[in-house]
Amino acid sequence: MATITVAATGMLYPLLVYAARETVAPAGFVAVAVGLIGLRLVLSGGAAARVWRVPLLAAAGAMAALLPLDPWLAARAYPVVLSLGFAAAFAVTLRHPPSLIERLARLREPDLPPEGQAYCRTVTWVWAVWLTVNAAVATALAVAGSDAAWALWTGLLSYVAMGVLFAGEWLVRRRVRGAAR
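This one's a predicted model, so the numbers in the text were calculated from it and none came from an experiment. The residue numbers shown here count from 1 along each chain, following its written sequence. Local features in this predicted model are restricted to residues of pLDDT 70 or higher, and side-chain atom pairs are both shown and tallied only at a pLDDT of 80 or more, whereas totals for entire chains, interfaces and linings draw on every residue. Excluded from the side-chain calculations are hydrogens and water; all other atoms, namely the structure's heavy atoms, are used.

J.: Explain the overall build of the protein here, please?
T.: For the protein, the helix and strand inventory stands at eight helices and zero strands. To qualify as a helix, a DSSP run of H or I must reach at least 4 residues; to qualify as a strand, a run of E must reach at least 2; elements of each kind are numbered from the N terminus. Taken from N to C terminus, the helices and strands of the protein fall in the order α-α-α-α-α-α-α-α. The globule rule used for comparison is 2.2 Å times the number of residues to the exponent 0.38, while the radius of gyration itself is calculated over C-alpha atoms. For the protein, the C-alpha radius of gyration of 18 Å lies close to 16 Å, the compact-globule estimate for 181 residues. Along the longest, intermediate and shortest principal axes, the C-alpha atoms of the protein span 60 × 30 × 30 Å. Here the protein holds 181 residues, and 36% of them are scored as buried. Residue contacts follow a heavy-atom distance rule, with two residues in contact if any of their heavy atoms lie within 4.5 Å. The long-range share in the protein, meaning contacts at least 24 apart out of those at least 6 apart in sequence, stands at 66%. For the area figures, the Shrake-Rupley method with a 1.4 Å probe applies, and any residue is considered shielded solely by the protein chains shown. About 10,200 Å² of surface is accessible on the protein, with carbon and sulfur atoms providing 71% of the total. Once the 15 positive and 8 negative side-chain charges of the protein are each reduced to a mean point, those two points are 5 Å apart. To sort residues, take the accessible area from a 1.4 Å probe on protein chains only and compare it with the maximum for the residue type: under 20% means buried, over 50% means exposed, and anything in between is partly exposed. Under the counting rule used here, the positive set is Lys and Arg, the negative set is Asp and Glu, and His together with the chain ends is not counted. The location of each charge is read from NZ of Lys, CZ of Arg, CG of Asp or CD of Glu.

Structure below.
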């Protein structure tokens, strides 16, 4: 339940920043974001902790380093640094197999056939690219967009896009598995 609460709070972070930007100093938002990252680190255990530890620590470090340079950009950097951190985690597993999606798939199917391994690698690529594109859009909006556009993208539209990606991948996977049988 704590993990779901932290994830939900992280998803609501852009809307919180947008709604409270007139009353809360940027450092307050950065503190909340770094706190959320810390909670993610504490709540993730086992293999998950090993995969996410470095990207999450780098995300927190990037926000802290940005704070004295541009406080408002630091406050809006949370979705950017998380997307980049997660993209890096996916990408590293492409260089050092098995891919992240394959690792997850093997939890349910330990004897994953070679076709499944290849499919998982492709899906890992898709997620790494999507997360990088998401970070680029969030960065552009944080730097040059309006607060409303940034909040709309990072607090809603990017999650809708991820949901579409999840659903699309689920449909493709069913089709691929059906053809393999």
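J.: Explain unusual backbone geometry to me, please; I cannot follow it from the model alone.
T.: If a residue is not glycine, its phi is most likely negative; likewise, a peptide bond is most likely trans. Put simply, Pro-97 and Pro-98 share a cis peptide bond, and its omega is 5°. Here Pro-98 shows up in the loop between helix H5 (78-95) and helix H6 (100-108).

J.: I would appreciate a short explanation of the packing of H5 against helix H7 (residues 114-144) in the present structure.
T.: The relative placement of two packed helices is expressed as an angle between their axes plus a distance between the axes. Their axes nearest at 8 Å, the elements H5 and H7 cross at an angle of 155°. Comparing the axis directions of H5 and H7 gives the class roughly antiparallel. Once H5 is placed against H7, the crossing between them reads as left-handed. Every residue of H7 that contacts H5 at Val-80, Ser-83, Leu-84, Phe-86, Ala-87, Phe-90, Ala-91, Thr-93 and Leu-94 is listed here: Arg-121, Thr-124, Trp-125, Trp-127, Ala-128, Leu-131, Thr-132, Asn-134, Ala-135, Ala-138 and Thr-139. Gly is put with the polar residues, along with every residue not named as nonpolar or charged; the nonpolar set is Ala, Val, Leu, Ile, Met, Phe, Trp, Tyr, Cys and Pro, and the charged set is Asp, Glu, Lys and Arg. Here the residues of the contact of H5 with H7 are counted per class, giving 13 nonpolar, six polar and one charged. Axes here refer to lines fitted to C-alpha atoms; in helices the fit is confined to the stretch in contact. Angles between the N-to-C directions go from 0 to 180 degrees. Should an angle fall under 35 degrees it is called roughly parallel, over 145 degrees roughly antiparallel, and 65 to 115 degrees roughly perpendicular, with every other angle called oblique. Left-handed is the label given to a crossing in which the near helix is rotated counterclockwise from the far helix by less than a right angle, and right-handed is the label when the rotation is clockwise.

J.: Please explain the environment of Val-17 as it appears in this structure.
T.: Among the secondary structure elements, Val-17 is positioned in helix H1 (residues 2-20). The spatial distance from the C-alpha of Val-17 to the C-alpha of Phe-29 is 6.8 Å, given a sequence separation of twelve residues. The residues touching Val-17, leaving out its near neighbours within four places in the chain, are Phe-29, Ala-75 and Trp-150.

J.: I'm lost on the packing of aromatic side chains in this one. Help?
T.: Pairs of aromatic rings are described using the distance from one ring centre to the other and the angle between the two planes. Put simply, two rings from Phe, Tyr or Trp (the six-membered ring, in Trp's case) pair if the centres are within 6.5 Å, and we call them stacked under 30 degrees between planes, edge-to-face over 60, tilted for the rest. This structure, assessed with the given rule, holds six aromatic pairs. Taking the centre distance of 4.8 Å and the plane angle of 75° together, the rings of Trp-52 and Phe-86 count as edge-to-face. Of this pair, Trp-52 sits in helix H3 (residues 46-66) while Phe-86 is found in helix H5, placing the two residues 34 residues apart along the sequence. Residue Phe-86 is classed as buried on the basis of its relative accessible area of 19%.

J.: For this particular structure, what's the right way to read a nonpolar patch on the surface?
T.: Two distance rules govern patches: like charges are joined within 9 Å, and nonpolar side chains (Val, Leu, Ile, Met, Phe, Trp, Tyr) within 5 Å, applied only to residues with over 30% relative accessible area and no salt bridge. Here a salt bridge means any side-chain nitrogen of Lys or Arg lying within 4 Å of a carboxyl oxygen belonging to Asp or Glu. On the surface, Leu-152, Leu-156, Leu-157, Val-160 and Val-164 cluster together into a nonpolar patch covering about 420 Å² of accessible area. One can find Leu-152 in helix H8 (residues 147-180).

J.: So what exactly am I meant to see when it comes to the pattern of salt bridges here?
T.: Think of it this way: side chains of opposite charge can pair up when their charged atoms draw near. For the structure shown, the criterion picks out four salt bridges. The shortest N-O distance in the salt bridge between Asp-147 and Arg-21 comes to 3.1 Å. Of this pair, Asp-147 sits in helix H8 while Arg-21 sits in the loop between H1 and helix H2 (26-43); the two residues are 126 residues apart in sequence, bridging distant segments of the chain. Taking the relative accessible area as the measure of exposure, Arg-21 reaches 25% and is therefore partly exposed. Glu-102 is the salt-bridge partner of Arg-106, the closest N and O atoms lying 2.8 Å from each other. On the criterion of helical spacing, the pair formed by Arg-106 and Glu-102 is a turn pair, its members being four residues apart in helix H6. You can call Arg-106 partly exposed: its relative accessible area is 27%.

What is shown is where atoms sit, not what they do.
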